[in-house]
Amino acid sequence: MYFGIAMTNQHFSLTQKSLFYSAKTLLGSGICWYGLTLLGMADPIWAVITVIIVSDADLSGTAVLAKARVINTAVGCVSGIVSLLLFGYSPLLSLVTAAVTVLFVTSLQYYPANWRLAPVTVVILMDAARQAVNKGEAIFYALTRTVEIGAGCAIALFLAFVFSRIAAKSIPTPDDSASNGEPGA
């Protein structure tokens, strides 16, 4: 029985770009998971999720997504932390704070793409407070998640830069093929 997959066909094409993107996702997720675990974070799942959300096949795409993620994370973090400080945690307050954040961001004229990440971040941060016994601990947990998300953005950007350099060196340019000893070179 034959289980091979053709590298290219009408519906499937395994390219260097897709291999690099897959490798960036694996490497970035691994760095986040194991690196943050070594630094004492018990469950750095939000850093891994951020690497996956922010990564893109192209460096420019990753930079745009990371910028939007950082802005949305900051807005979500401020909304969530202010709500935690003023009211404490409850599932209902988490949902209301997310809705107020949606109202705020959709009222701005030039808010960046992926605005939906701001209310999502509110819920992610405020949910961390579920485990807390007091407001100080709730804020600590929310800030820990913020650090995870920031680490995921930074690692995704770093790997995008590294992989774009590798790809630039491995893809021949038209000048390279002309200098291979062909006539007229």
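All figures in this text were calculated on a predicted structure; none of them were measured in a lab.

**Focus: the packing of aromatic side chains**
With the rule as written, the count across this model stands at two aromatic pairs. The interplanar angle of 75° and the centroid separation of 5.6 Å between the aromatic rings of phenylalanine 20 and phenylalanine 163 together place this pair among those described as edge-to-face. With phenylalanine 20 in helix 1 (residues 16–38) and phenylalanine 163 in helix 6 (residues 135–170), this residue pair connects regions lying 143 residues apart in the sequence. Of the two residues examined, phenylalanine 20 and phenylalanine 163, each falls in the buried class.

**Describing the packing of helix 1 against helix 2 (residues 45–54)**
Orientation of helix 1 relative to helix 2, taken along the N-to-C sense of each, is 160°, at an axis distance of 9 Å. Comparing their axes, helix 2 and helix 1 come out roughly antiparallel. Once helix 1 is placed against helix 2, the crossing between them reads as right-handed. Each of Thr25, Gly28, Ser29, Cys32, Trp33 and Leu36 in helix 1 lies in contact with helix 2, whose residues at this interface are Ile45, Ala47, Val48, Val51 and Ile52.

**Some details on the confidence of the model for the protein chain**
Mean pLDDT for the protein chain: 82, with 87% of residues reaching 70 or above. In this model, residues 1–6 is a region of pLDDT below 50 whose contacts with residues beyond four sequence positions or in other chains number two contacts. Confidence over residues 181–185 falls short of pLDDT 50; this stretch has three contacts with residues more than four positions distant or in other chains.

**Topic: the pattern of salt bridges**
If the charged atoms of two oppositely charged side chains come close together, the side chains can form a pair. Within the structure shown, the criterion is met by two salt bridges. We note a salt bridge from arginine 145 to aspartate 127, for which the minimum N-O separation is 3.7 Å. Of this pair, arginine 145 sits in helix 6 while aspartate 127 sits in helix 5 (residues 117–128), and the two are 18 residues apart along the sequence. Among the residues examined, arginine 145 registers a relative accessible area of 13% and is labelled buried. One network of salt bridges, with partners in common, ties together Asp127, Arg130 and Arg145.

What counts, and where the lines are drawn
- Residues numbered from 1 in each chain as written.
- Predicted model: local features only at pLDDT ≥ 70, side-chain atom pairs only at ≥ 80, totals over all residues.
- Heavy atoms only, no water.
- Phe/Tyr/Trp six-rings, centres within 6.5 Å; stacked < 30°, edge-to-face > 60°.
- Helix = DSSP H or I, 4+ residues; strand = E, 2+ residues; numbered from the N terminus.
- Buried < 20%, exposed > 50% of the residue type's maximum accessible area, 1.4 Å probe, protein only.
- Axes fitted to C-alpha atoms, helices over the stretch in contact; angles between N-to-C directions.
- Parallel < 35°, antiparallel > 145°, perpendicular 65-115°, else oblique.
- Left-handed = near helix turned anticlockwise from the far one by under 90°.
- Contact = heavy atoms within 4.5 Å.
- pLDDT = per-residue confidence, 0-100.
- Salt bridge = Lys/Arg side-chain N within 4 Å of Asp/Glu carboxyl O.

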